[in-house]
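Here is how the chains run, residue by residue.
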Amino acid sequence: MDLRKEFKDVCIVDSGCRIEYIRVAVPEFFGYKPENLIGKKFTQFYTNIDGTTSTLARAIHNGERFVDYVQYLENDAGRMVKQIEDIYLIKDGEKVLGAIEFADYDVEKDIILSKKEASLSQVDDDERPTMDSMIGQSQQISQIKKKIHKMKDTDAPILIMGESGTGKELLARVIHNLSQRKDKPFIYINCSALPENLLEGILFGTKKGSFTDAEEKKGLFQAANGGTLFLDEVDSMPLGIQPKILRTIEEKCVRPIGGTEEQYLDVRIMASCNKEMDQLLKLSTLRNDLVFRLSVLQFFLPPLRERGEDILLIADYYRKQYNRMFKKDVREFSPDLKKLFINHKWPGNVRELKNVMEGVYPLINHQVMGEEDLRNHWLKRSGDVERKRRISQNQIREFRESKKPLKDYLEEREQKIIRQTLEACGGIYGEAAKALGISPQLLKYKLTNRNREL
């Protein structure tokens, strides 16, 4: 199972925007249980949308169309996520009965900010990463642990470098939880996931009336006061906002958008990127003076392939974790599997190892996990990748040969697939809709009303 895959959720609302049906693949991504949403409006759960800004309300009341629309949702706990949505109206003739929304998101990349550790009362002790959470006995990990002890209580900015999946956010949380700031907020934000105009307001806050519909809102720098602000993927931060970030770090004060007064803060800055220092300094998208300011203290997390002695320790950690989660009794790894673990290059690092273990566990029913269990999983994934690559190449060639605009080409393909499915199901809308993974109402809409709306 790859945690970086995208999921498609479905939500159907009535003409008053009340939720009638919802299917959510990963409820914890949004922070709400789907069953608690039925009969209610999204505006009751997300603080950054209302009856005029909700995309579903705009579609129903104003007739607006939303295709591949980027929507940001922030719940009352301060957690913000991003999804890409398509919204279609459900009609009876010209009467709007409601709307259906299809949403895609990446469970790791699209968590924009999290205030999960904003207060100790919200976090159990076993959820707060400690030094023991950094599993490994290699020389590299041992040196990192020693360095943590020396740097944990300093206030200088920290830059954490390393490939994707090496555990950069985990390291930042460990440092925070060992420091004198451990009882204060740890605020996380993904700098690559927001456009500049949204990122500035989220980081620095806004004053009421500073722009149309602007509200008095505290930014993440203010929210992290006394604690830590973690800027993930800082090398993807919009160039225009970087001077203001640099000034805020250097002068330890922030001015909200539309404000006239400086607010002095006590915030420790940590940042991460998947490049090394020499690569960062060559980037045209990240100011060198900001790089130097963020990297007063530095950590580099080595890839898993360079710390082979830690691989089996990490695999055993997840064995115990998934035994509890899946209620299994896997007691050990076979010698052949241990060899396979050690020889694999782990391009996805610790995250890949975790995902591979999680993907195998639902299917295993014996006490010794063997090479065959993992090889089947890996070979299946490799086959899927190759098959998707071939399909993509064929689709690209077919599109080019059609010499049609992309929009027209995709619409024709969709209509073709729908009609072939309906024909295969004997013209029965319910069966065809089920085969396509959509509702009968949406199927009927696509066949009858969509061309008229386009």
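For the structure itself, look to the data block above.
Calculation criteria
Residue positions are given per chain, counted from 1 along the sequence in the order it is written. The model is predicted, so local features are restricted to residues of pLDDT at least 70 and side-chain atom pairs to those at 80 or more, both for listing and for counting; the totals for chains, interfaces and linings are taken over all residues. Think of the side-chain values as coming from all heavy atoms in the structure, minus any hydrogens and water. Helix numbering and strand numbering both begin at the N terminus, where a helix is a DSSP run of H or I of at least 4 residues and a strand a DSSP run of E of at least 2. Burial classes follow relative accessibility: with a 1.4 Å probe on protein chains only, a residue under 20% of its type's maximum area counts as buried, one over 50% as exposed, and anything between as partly exposed. Any two residues whose heavy atoms approach within 4.5 Å at even a single point are treated as in contact. One less than the residue count of a helix, multiplied by 1.5 Å, gives the span that helix is expected to have. Convention adopted: a line fitted to C-alpha atoms gives each axis, helices being fitted over their contacting stretch, and angles between N-to-C directions are expressed from 0 to 180 degrees. Angular relationships are summarised with four words: roughly parallel below 35 degrees, roughly antiparallel beyond 145, roughly perpendicular across 65 to 115, and oblique for the angles in between. Helix crossings are classified by the rotation of the near helix relative to the far one: an anticlockwise turn of less than a right angle makes the crossing left-handed, while a clockwise turn makes it right-handed. Any Lys or Arg side-chain nitrogen found within 4 Å of a carboxyl oxygen on Asp or Glu counts as a salt bridge. Any Phe, Tyr or Trp ring, taking Trp's six-membered ring, that has another such ring centre within 6.5 Å forms a pair; planes under 30 degrees apart are called stacked, those over 60 apart edge-to-face, and the others tilted. Whether a charge lies above a ring is judged from NZ of Lys or CZ of Arg, which has to be within 6 Å of the ring centre and within 35 degrees of the ring normal. In protein, a polar contact means a hydrogen-donor-capable atom and an acceptor-capable atom, both N or O and within 3.5 Å, with residues adjacent in sequence counting only if both atoms are side-chain atoms; elsewhere, any N or O pair within 3.5 Å suffices. Whether two strands pair depends on DSSP finding at least two bridges between them.

Draft legend 1. Representation of the overall build of the protein within the structure. When helices and strands are tallied, the protein shows 17 helices and 15 strands. Within the span of the protein, comprising 454 residues, buried residues form 46% of the whole. Contacts spanning at least 24 positions in sequence make up 67% of the contacts within the protein whose residues lie at least 6 apart.

Draft legend 2. Molecular detail of helix α10 (residues 311-326). The terminal C-alpha atoms of α10 lie 22 Å apart, and with 16 residues this matches the ideal 22 Å at 1.5 Å per residue to within 8%. Those residues of α10 not exposed but buried are Ile-311, Ile-314, Ala-315, Tyr-318, Arg-319, Gln-321, Tyr-322 and Asn-323. In this structure, the buried side of α10 is in contact with β14 (332-333), α11 (335-343) and α12 (349-360). Downstream of α10 by one or two residues, Lys-327 has phi in the positive range, about 55 degrees.

Draft legend 3. Just the packing of helix α14 (residues 406-424) against helix α15 (residues 429-436), in detail. Their axes nearest at 8 Å, the elements α14 and α15 cross at an angle of 130 degrees. Relative to α15, the element α14 lies oblique. The way α14 lies across α15 gives a crossing that is right-handed. Residue-level inspection shows Ile-417, Ile-418, Thr-421 and Leu-422 of α14 in contact with α15, the latter providing Tyr-429, Ala-432, Ala-435 and Leu-436.

Draft legend 4. A look at the pattern of salt bridges. Across all of its chains, the model carries 18 salt bridges by this definition. Here Asp-153 ties to Lys-152 by a salt bridge, and the two come within 3.0 Å at their closest N and O atoms. The exposure class of Lys-152 is buried, given its relative accessible area of 19%. For Asp-329, the salt bridge identified is with Arg-331, shortest N-O distance 3.0 Å. Owing to a relative accessible area of 51%, Arg-331 belongs among the exposed residues under this scheme. Bridged by salt links that share partners, the residues Arg-247, Glu-251, Arg-255 and Glu-262 form one connected network.

Draft legend 5. Structural context of the packing of aromatic side chains. Under the definition given, this model contains 13 aromatic pairs. A centroid spacing of 5.9 Å and a plane angle of 55 degrees characterise the contact between Tyr-322 and Phe-326, whose relative ring orientation is tilted. Placement of both Tyr-322 and Phe-326 in helix α10 is noted, with a separation of 4 residues, approximately one turn of the helix. The exposure class of Tyr-322 is buried, given its relative accessible area of 1%. The exposure class of Phe-326 is partly exposed, given its relative accessible area of 27%. The residue whose ring lies beneath Lys-147 is Phe-299, and the NZ or CZ to ring-centre distance is 5.0 Å.

Draft legend 6. Molecular detail of the side chain of Ser-272. Looking at the element boundaries, Ser-272 is found in strand β12 (residues 268-273). Given the relative accessible area of 0%, Ser-272 is considered buried. Among the polar contacts made by the side chain of Ser-272, one reaches the side chain of Asp-232 at a distance of 2.5 Å. Non-local contacts of Ser-272, meaning those with residues more than four positions away in its chain, are made with Leu-159, Ile-160, Lys-168, Phe-230, Leu-231, Asp-232, Glu-233, Val-234 and Asp-235.

Draft legend 7. Seen up close, the pairing of strand β13 (residues 297-301). Of the two faces of β13, only one is covered, namely that formed by Leu-297, Phe-299 and Leu-301; the face formed by Gln-298 and Phe-300 stays uncovered. When strand β7 (residues 158-162) meets β13, the two strands line up parallel, connected through 5 bridges. Looking at β13, one finds that Ile-160 is bridged to Phe-299.

Draft legend 8. Structural context of helix α2 (residues 55-62). Along α2, the residues classified as buried are Thr-55, Leu-56, Ala-57, Ala-59 and Ile-60. Backbone geometry just downstream of α2 places Gly-63 in the positive-phi region, at approximately 75 degrees.

Draft legend 9. Structural view of unusual backbone geometry. Look at Trp-346: it is not a glycine, yet its phi comes out positive at around 50 degrees. Relative to the helices and strands, Trp-346 resides in the loop between α11 and α12. With a phi angle near 60 degrees, Asn-349 is a residue other than glycine that sits in the positive phi range. Considering the arrangement of structural elements, one finds Asn-349 in helix α12.

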